[in-house]
Amino acid sequence: MLEARGALEAVVRGRLSTRELDRLATGRDLWPLTLLWLRQGKVPPPPDAVVWPGTDDEVASVVRIARERRLALIPFGAGSGVCGGTLAVHGGVMVDLKRFDTIGPVDPVRRCVDVGAGVMGETLERRLAARGWTLGHFPSSIGMSTVGGWLAARSAGQLSSRYGKIEDMVLSVRGVLGTGERFETPERPFDGPDVAQVLLGSEGTLCVFTGARLRVHPRPEARVFRAFEVPSVERGLEAIRRVFREGLRPAVVRLYDPFDTTFVGRAKPASPRKAPSKRSALEATVLPGVLKRLAIETLGRPGLVNPLTRLATRSRLIFMCEGEAKHAAAEDRAIAAACLSMGGVDLGEGPGREWYRKRYDVNARLPRLMEAGTFIDTMEVSAPWDAVFEVYERVREVAGAYALVLCHFSHAYADGCSLYFSFVGSGRTEAEIEDRYQQLWRAALGAATSAGANVSHHHGIGLLKARAYQDSLGEGRHALATLKRLFDPDGILNPGKLGL
Ligand SMILES: Cc1cc2nc3c(=O)[nH]c(=O)nc-3n(C[C@H](O)[C@H](O)[C@H](O)COP(=O)(O)OP(=O)(O)OC[C@H]3O[C@@H](n4cnc5c(N)ncnc54)[C@H](O)[C@@H]3O)c2cc1C
């Protein structure tokens, strides 16, 4: 690295740092395993240097210099990834894209906007909102992630059922390949291969994104919330499937399994259309308190609590429709009919509004839970409708030996939906906690994929899921390896991630 320093510094006009603080701040992300390491005084491998290029030409020159010296380059957005995607496992240079921070004017006829890869999500949405537009992309990490990170990890926002994932919002992308060549993909080609879609989700292993043209929408005129209590997870899933098969596009759909329902709380029904049964009343009053208390007191022994969670069956289902007022209201009515036909009890708009108000709150609670000598992590996978319930059952069964397991289903589509598992565990020593964490992931991801799930819906692959991802590709592995050789012939871009 030292002999490349002068050349790199000249290209980025002095914006290079080898200070320990900069190297430590960028050579990490929010992968919970690295937080367990930090608790043990172990630091994730830092890069040798950080550079802040400001133009596509500067990025191209950085890549060419790295190729000549066989230096690893790791693109860096805001480090909010949770799979170890920005760890400098081979040392090298962190390429921080924050200076790509421009937001162009909205084209109202084509309904699109040009955005730099380093723009933070919250800034983008605020600026668009001030002009009467929205991207419709609201990941829970919107305040700590960039457009480039979204493109690289195929991010999904909370309203993805209506607006799609980030790959559905992209009209074109630009950046630099691992060859050092600049590229800009044609806008949504209707002919020939779609190169943008090949590069999206590549997590810095094929290219460095510097910007994108994204589709925008007028800000919604109205939002309508409604929640239901459904008799079981299966009934709830069937209600959601029917809603999407009917062509309805609610912006938010969230089905909490009984244990997760316990933790999201049970707001009083605003105007239940049916009196709750005795069992439902018991589940709503006594069981949540018992489960919560047991869960907290027996974190190290999940085998005690997980079986008890099966006593509860009733689940909370939340919808939010938005858009033109009359369309949102009509969608809401059709959704209510589907849910009531599945035995749902209408809880009114309260729980949905409450979720919306608190939709980013979990972020603040995570570090505190991690500091309390536990581990907490989430696994989001997706599955087609005929496999969703099987994935749910299999993961709960195997993961339950290592951690408390909660799950909600969100990001629903006509083909299937994502399952978002939360795991909370502990152990007697830090070494035992780390060991349990590793075993949990191997077992849970293995169970999910063998039951028909993808390895990720929106958190990406990074290091955490690299092996499982490669295994899931089957013969497709060769095609990906060939792309890697073409786009990054010297293997300098983010080595090790995605198993490349
Ligand atoms: C509390 C919390 C909640 C979250 N909620 C969501 C959610 O709701 N939806 C969701 O999708 N994700 C969520 N995430 C995960 C994370 O925010 C996303 O993966 C996000 O897309 C990462 O963006 P970033 O800018 O922080 O990227 P980073 O973490 O910096 O990088 C992620 C990966 O992308 C690569 N990369 C970054 N920028 C570029 C670029 N310009 N060109 C090429 N490669 C690049 C990196 O090398 C790395 O491999 C959450 C994370 C946390 C901690």
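Preceding this section is the structure that the text describes.
Residues numbered from 1 in each chain as written. Predicted model: local features only at pLDDT ≥ 70, side-chain atom pairs only at ≥ 80, totals over all residues.

A. Examining the overall build of the protein chain more closely. When helices and strands are tallied, the protein chain shows 20 helices and 17 strands. Across the 500 residues of the protein chain, 48% fall into the buried class. A separation of at least 24 residues holds for 76% of the contacts in the protein chain among residues at least 6 apart in sequence. (Helix = DSSP H or I, 4+ residues; strand = E, 2+ residues; numbered from the N terminus. Buried ≥ 20, exposed ≤ 12 C-beta atoms within 10 Å, placed from the backbone. Contact = placed C-beta atoms within 7 Å.)

B. The environment of alanine 387, seen in detail. Counting through the fold element by element, alanine 387 comes out in helix α17 (residues 385–399). Put simply, alanine 387 and alanine 448 are 61 residues apart on the chain and 9.7 Å apart in space, counted from C-alpha to C-alpha.

C. Representation of unusual backbone geometry. Positive phi, normally seen in glycine, also occurs at arginine 13, with a value near 50 degrees. Topologically, arginine 13 is positioned in the loop between α1 (2–11) and β1 (16–17). A tally of 11 C-beta atoms within 10 Å means that arginine 13 is categorised as exposed. Phi at leucine 498 takes a positive value of approximately 60 degrees, unusual for a residue other than glycine.

D. Representation of the sheet that holds strand β15 (residues 375–384). Reading across from one edge, β14-β11-β13-β12-β16-β17-β15 is the order of the 7 strands in this open sheet, with antiparallel pairing throughout. The open sheet terminates on both sides in strands that have one partner only, identified here as β14 (345–348) and β15. Along the sheet, successive strands turn relative to each other by an average axial angle of 20 degrees, direction set aside. Examined bridge by bridge, β15 and strand β17 (residues 416–425) share 10 bridges and lie antiparallel to one another. Note that in β17 the partner of alanine 383 across the bridge is cysteine 417. Most of the contacts of α17 go to β17, to which it runs at about 10 degrees, and overall it touches β15, β16 (404–410) and β17. (Pairing = 2+ DSSP bridges. Axes fitted to C-alpha atoms, helices over the stretch in contact; angles between N-to-C directions.)

E. Focus on the nonpolar core. Core analysis: the biggest nonpolar cluster contains 139 residues, and Val62, Leu73, Val95, Leu151, Leu419 and Phe421 have the highest contact counts within it. Counting residues per element, this core draws most heavily on helix α18 (residues 430–450), at 7 residues. No fewer than three residues from each of domain 1 (2–99) and domain 2 (222–450) sit in this core. If we ignore the near neighbours within four places in the chain, the residues touching valine 62 are Leu8, Val11, Val12, Val51, Pro53, Leu73 and Val95. (Core = buried A, V, L, I, M, F, W, Y, C linked by C-beta atoms within 7 Å. Domains from an automatic or database assignment.)

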